[in-house]
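Spelled out from the first residue to the last, the chains are:
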Amino acid sequence: MASEKKRAGARADDTPADLNIPDNYVQHTLKTVKPLPPFQWENMRDDLNWLNVAILCVTPFLGLLGAYFTKLRWETFLFSIFYYFYTGLGITAGYHRLWAHRSYNASLPLQYFLAIAGAGAVEGSIKWWSRGHRAHHRYTDTDLDPYNAHKGFFYSHIGWMLLKPRRKPGVADVSDLSKNPVVRWQHKHYIPMILIVSFVIPTVIPWLLWNDARGGYVYAGVLRLCFVHHSTFCVNSLAHWLGETPFDDKHTPRDHFATALVTIGEGYHNFHHQFPMDYRNAIKWYQYDPTKWFIRACQKLGLASHLKVFPENEVRKGQLTMELKKLKETQERLAWPTNSDDLPVISWESYQEQATKRPLILISGFIHDVSSFIDEHPGGPHLLVKMIGKDATTAFFGGVYDHSNAAHNLLAMKRVGVLHGGMRQGLEDKSIPPSQRLKIARYNELSSPYGSSTAYSDGEGMLS
Ligand SMILES: [Zn+2]
Ligand SMILES: [Zn+2]
C-alpha cells in the first residue's frame, strides 16, 4: 500500500504540472480564482509569513548590532566579499541560470558546488525557488507572477515574501528538477545545509585561519547574508524598474549597469526576459556579468557544457524593432508635407491664372506657394520670381543649381496643389523629398496611401 502510494507520488512528480491546463488558463484563473483580500495591519497575525519576517528582519538587525560591537579585520573583510560572491553565484549561476532556465549543462561536481553555495544564500530550496521563478517568467507582470512588478517596488523586492501570498503563483512545470538527484538531495537536507553553509562555515574558516570566529560570524555570516539577500532581491525589483528596454518594451524588465553591479551581473534583465534560455545576461564583452564569466570559466575547465546562446540574428531583430520604434516617435514629432491625397488637383490653366495672384512655382508635379520664402532664398529672390507660373523642375534639380536635400525637404513643405497630369514617369526621386524616402510605417499603414509616393501613382492614374 505504502509503495503503491509512493509510485503514484513519483508518477505525479514526473508528469509536467502544466500538461492538462485549459487553453485559456491565465484569463480563466485570474477571473475565477479570487485572491485573498489585500494585507491589513489588523490582520497581520494571519497575513504575515512570520518565518520570512523573522529571517528577513532579524538578519540585518543582528548584523548591524554585531558590526557595532565587533572589529572588522581585513582578512575577514576579504573573506566576506569572497563568500558573498560564492553564495551569490549559487543563486545566479546555479538556481537561476542552471536550474530555473536550463541555460547550460553542469557536471555533478559543479552542481553540488552550486547547490551548496545556493543554500548559503538562504532563499529557499532550488526546487521552490525555480518553481516561483518559472512562474515569474511565464506570467510576468500579472497576478500569477509571484513577484509582480506592477504591485510596486517594495512588493516585488521583499513584500511578496513578508506577506502570505494573496494567490497561488501560476502553474509552472518543475518535473525536470524533481528528477534531478542534486536538487532532491538539497531539498531533503535544506535546513541543516543553510545552517552549516550560511553560518557555521563562515565562522569556522576565519576562526581556524586567523582566529576571528566572532568577526567571521558577524561579517561573513550574518551581514554577508543580508547583502546576498538584497542583491538577489534587486533582480525582481530594481531590474523591473530602472533602466532601458533595448530589446522589448512589452513588460517591465529593464537593463541597467547599476542593477548588474549589485546583482553579480543579473542587471541586463530586459535581455534576460526576452531570451531567458541564454546563459548570458550581458551580451557585450564590456558589460558587467560575472555570472556569465563564471559559467564560461567552468566550461573552459570542463565542468559546464552546452552553453545556450540565442541566435544573434534574432537578438538583433529585437534591438532593431526598439530602435525603429524610437525613430518613429521622432518622426511623429516632426511636421511633414501635406499628404498628396489632401492637396487639390489643379489644371495647367488654373495654375497659370492663380500664379498671377500669388507666387506659385511648379516643381516635380507639385505646385508650391513660395510667398514666405522669396526674400529668404539663398540664390536671391530674382531666381524665384522668374519661375512663377512655370515648371522649375529642371532648374531646381541641377539646371540652375543642384539643391541640397534640406532644400528639397523645405520645398515640399510649401506644396499647395498637384498639377493635373503633372507626374511623369522617372520623376519618383524628384517628387519624394529625401526625408521621406525611408519613412517608418506600421505594417497596416503600408498599403494605405500616405506621403508623396502616392502623388506619383495618382498622377499616373490620371494620365492613362
Ligand atoms: Zn524578472
Ligand atoms: Zn530568469
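Residues numbered from 1 in each chain as written. Chains lettered and ligands numbered in written order. Predicted model: local features only at pLDDT ≥ 70, side-chain atom pairs only at ≥ 80, totals over all residues.

### A look at the sheet that holds strand S4 (residues 360–363)
What counts, and what does not: Two strands qualify as a pair provided DSSP detects at least 2 bridges between them. Elements are defined by DSSP. Helices are runs of H or I of four residues or more, strands are runs of E of two residues or more, and each kind is numbered from the N terminus.
Ordered in space as S3-S6-S5-S4, the 4 strands form an open sheet in which the pairing is mixed. A single partner strand is all that each edge strand has here, and the edge strands are strand S3 (345–346) and S4.

### With respect to the UniProt feature "domain: Cytochrome b5 heme-binding" (unreviewed entry) in the chain
Our working rule: UniProt positions are given in the numbering used here, feature names are shortened, and annotations may be inferred rather than shown by experiment.
Listed under "domain: Cytochrome b5 heme-binding" (unreviewed entry) in the UniProt record, and renumbered for this structure, are residues 349–420. End C-alpha to end C-alpha, residues 349–420 measures 10 Å, and it is 32% helix and 18% strand.

### Comments concerning the nonpolar core
How we decide: A set of buried residues qualifies as a nonpolar core if it consists of Ala, Val, Leu, Ile, Met, Phe, Trp, Tyr and Cys joined through C-beta atoms within 7 Å. Three classes are used. A residue is buried when 20 or more other C-beta atoms lie within 10 Å of its own, exposed when 12 or fewer do, and partly exposed in between, with C-beta atoms placed from the backbone. Note on contacts: each residue gets a C-beta atom placed from the backbone, and two residues are in contact if those atoms are within 7 Å.
In terms of nonpolar packing, the biggest core is built from 48 residues, with Trp99, Leu114 and Ile126 touching the most fellow members. Elements that contribute at least two residues to this core include exactly helix H5 (74–100), helix H6 (108–119), helix H7 (126–138), helix H10 (181–188), helix H11 (190–210), helix H12 (213–236) and helix H15 (290–300). For this core, the element with the highest residue contribution is H5, accounting for 11 residues. Apart from the residues lying within four places of it in its own chain, the contact partners of Trp99 are Gly94, Ile126, Ser130, Leu177 and Val183. Within the second largest apolar cluster, 17 residues are counted, among which are Ile346, Ile361, Ile363 and Val370.

### Points about the pairing of S4
With burial as the criterion, each face of S4 is covered, one bearing Leu360 and Leu362 and the other bearing Ile361 and Ile363. Of the pairings in the sheet, the one linking S4 to strand S5 (residues 366–369) comprises 4 bridges and is antiparallel in character. Residue Ile363 lies in a different strand from S5, and its bridge partner there is Phe366. Counted between consecutive antiparallel strands, the loop separating S4 from S5 contains 2 residues, among which Ser364 sits at a positive phi close to 50°.

### Points about the UniProt feature "transmembrane region" (unreviewed entry) in the chain
Summarizing the sequence annotation, UniProt attributes the feature "transmembrane region" (unreviewed entry) to residues 50–70, 77–98 and 190–210 in the numbering used throughout. Along residues 50–70 the backbone is 95% helical and 0% strand, and the end-to-end C-alpha distance reaches 29 Å.

### As for the domain arrangement of the chain
It is common to give the size of an interface as the accessible area lost on bringing the parts into contact. Stated formally: For the purposes of this description, domain bounds are those given by an automatic or database domain assignment.
When cut into domains, the chain gives domain 1 (28–321) and domain 2 (340–441). The distance between the C-alpha centroids of domain 1 and domain 2 comes to 63 Å.

### Focus: the packing of H5 against H15
The line we're drawing: Structural elements are reduced to axes, namely lines fitted to C-alpha atoms, with helices fitted over the stretch in contact, and the angle between N-to-C directions of any two is expressed from 0 to 180 degrees. In these notes the angle categories are as follows: under 35 degrees is roughly parallel, over 145 is roughly antiparallel, 65 to 115 is roughly perpendicular, and the rest is oblique. Three categories are distinguished: nonpolar for Ala, Val, Leu, Ile, Met, Phe, Trp, Tyr, Cys and Pro, charged for Asp, Glu, Lys and Arg, and polar for the others, with Gly belonging to the last.
Remark: H5 packs on H15, axes separated minimally by 10 Å, with the N-to-C direction vectors making an angle of 75°. Here H5 is positioned roughly perpendicular relative to H15, judged by the angle of their axes. Residues Leu89, Thr92, Ala93 and Arg97 of H5 pack against Thr291, Phe294 and Ile295 of H15. Among the residues forming the contact of H5 with H15, the class breakdown is 4 nonpolar, 2 polar and 1 charged.

### Section: helix H4 (residues 50–69)
Which entries qualify depends on this criterion: In a helix, the anticipated span is given by 1.5 Å times the number of residues less one. One axis is fitted to the seven residues ending at the residue and one to the seven starting there. The bend at that residue is the angle between these axes.
An ideal rise of 1.5 Å per residue puts 28 Å on 20 residues; H4 measures up with 28 Å between its terminal C-alpha atoms. The sharpest bend along H4 measures roughly 25° and falls at Val58, with the proline Pro60 sitting one to four residues further on.

### Here's the deal with the environment of Tyr139
Of note, Tyr139 is situated in the loop between H7 and helix H8 (153–162). Tyr139 gets classed as buried once you count the C-beta atoms within 10 Å, which come to 21. Placed 113 residues apart in sequence, Tyr139 and Val26 show a C-alpha to C-alpha distance of 8.2 Å. With sequence-adjacent residues up to four places away left out, Tyr139 is seen in contact with Val26, Leu144, Asp145 and Gly170.

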